[in-house]
Amino acid sequence: MESEPRLLIMVLGANIDAHRNLSLAQERLRTHWHDIRFTQPVCTAPVGVATASFLNCLAVASVTDNYPAIHTMLKEIEMAMGSTTDDHHRGIVLIDIDVLQLGSDRYHLSDWNRPYMSGLLHQLEAELHVKPSMP
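Figured I'd write up the structure that's included with this text. (Residues numbered from 1 in each chain as written. Predicted model: local features only at pLDDT ≥ 70, side-chain atom pairs only at ≥ 80, totals over all residues. Heavy atoms only, no water.)

**Some remarks on the state of the cysteines**
Next, step 1: Overall, the coordinates contain zero disulfides when judged by the stated rule.
Next, step 2: Not part of a disulfide, Cys43 finds its nearest cysteine sulfur in Cys57, a span of 13 Å.
Next, step 3: The buried category is assigned to Cys57, whose relative accessible area is 0%. (Disulfide = S-S within 2.5 Å. Buried < 20%, exposed > 50% of the residue type's maximum accessible area, 1.4 Å probe, protein only.)

Here it is as structure tokens:
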């Protein structure tokens, strides 16, 4: 039984060969969701680690997948691109992809308040015509 499509919003980030790695991650995500769209990437200061600046963007798609399936697939993409948890803890982020919203459920709540998010959310609304649900 197929569920109703729901809005999926993800955040992508990288601080090592960031343009290339964001582009590769976007290509991989397009193989799963053909209607996926991305904001323009923005350069952001690292949060909580002393490391190089990050490049971040948001992705949005209409999906019927459940959260566990999406989360597993995103972590598989990260691993296939060579990203590891140990590297993340050391501030080396080849790619990080996290679900921010699925339907009316929000995740990674601290990410919503990061300084760069207001600009990305504005871009999401203004250019991609997607408005995240309010908590």
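That shown, we press on.
**Structural notes on helix 2 (residues 67–80)**
Next, step 1: For helix 2, built from 14 residues, the straight-helix expectation of 20 Å at 1.5 Å per residue is met to within 8% by its first-to-last C-alpha distance of 20 Å.
Next, step 2: The set of residues buried in helix 2 consists of Ile70, Met73, Leu74, Ile77 and Glu78. Axial view of helix 2: buried residues confined to an arc of 140°, hence all on one face. Those residues of helix 2 that are exposed and aimed more than 90 degrees away from the buried face are Pro68, Met79 and Ala80.
Next, step 3: Where the residues of helix 2 are buried, they touch strand 1 (6–14), helix 1 (18–32), strand 4 (54–63), helix 3 (85–89) and strand 5 (96–102).
Next, step 4: One side-chain oxygen of the residue at the start of helix 2 lies 2.9 Å from the amide nitrogen of Ala69, identifying that residue as Asn66.
Next, step 5: Immediately beyond the C-terminal end of helix 2, within one or two residues, lies Gly82, with a positive phi of roughly 95°. (Helix = DSSP H or I, 4+ residues; strand = E, 2+ residues; numbered from the N terminus. Expected span 1.5 Å × (residues − 1). Arc of directions from axis to C-beta. Contact = heavy atoms within 4.5 Å. Polar contact = N/O pair within 3.5 Å; in protein donor to acceptor, adjacent residues only side chain to side chain.)

**Details of helix 1**
Next, step 1: With 15 residues, helix 1 should reach 21 Å at 1.5 Å per residue; the first-to-last C-alpha distance of 21 Å fits that figure.
Next, step 2: Listed in full, the buried residues belonging to helix 1 are Ala18, Asn21, Leu22, Ala25, Gln26 and Leu29. One side of helix 1 holds all its buried residues, which, seen down the axis, span an arc of 140°. Away from the buried face of helix 1 by more than 90 degrees, exposed residues His19 and Thr31 are located.
Next, step 3: Elements that come into contact with the buried residues of helix 1 comprise strand 1, strand 2 (37–38), strand 4, helix 2 and strand 5.

**A closer look at the packing of aromatic side chains**
Next, step 1: Under the defined criterion, the tally for this structure stands at one aromatic pair.
Next, step 2: An angle of 15° between the planes, with centres 4.2 Å apart, marks the rings of Tyr67 and Tyr107 as stacked. Of the two residues, Tyr67 is situated in helix 2 and Tyr107 in the loop between strand 6 (105–106) and helix 4 (117–128); the sequence distance between them amounts to 40 residues.
Next, step 3: Residue classification places Tyr67 among the partly exposed residues on the basis of a relative accessible area of 23%.
Next, step 4: Against the face of Trp112 rests Arg106, its NZ or CZ located 3.6 Å from the ring centre. (Phe/Tyr/Trp six-rings, centres within 6.5 Å; stacked < 30°, edge-to-face > 60°. Lys NZ or Arg CZ within 6 Å of the ring centre and 35° of its normal.)

**Description of the pattern of salt bridges**
Next, step 1: If you walk through the whole model with that rule in mind, you get seven salt bridges.
Next, step 2: Asp96 serves as the salt-bridge partner of Lys75, at 3.9 Å between the closest nitrogen and oxygen. Residue Lys75 is found in helix 2, and its partner Asp96 is found in strand 5; the two are separated by 21 residues along the sequence.
Next, step 3: Assessed through its relative accessible area of 22%, Lys75 is described here as partly exposed.
Next, step 4: Accessibility expressed as a relative area gives 23% for Asp96, which makes it partly exposed.
Next, step 5: Here Arg90 and Asp87 are joined by a salt bridge, their closest N and O atoms 2.8 Å apart.
Next, step 6: What emerges from the salt-bridge pattern is a single network uniting Lys75, Glu78, Asp96 and Asp98. (Salt bridge = Lys/Arg side-chain N within 4 Å of Asp/Glu carboxyl O.)

Bear in mind that shape data such as this cannot, by itself, settle questions of function.
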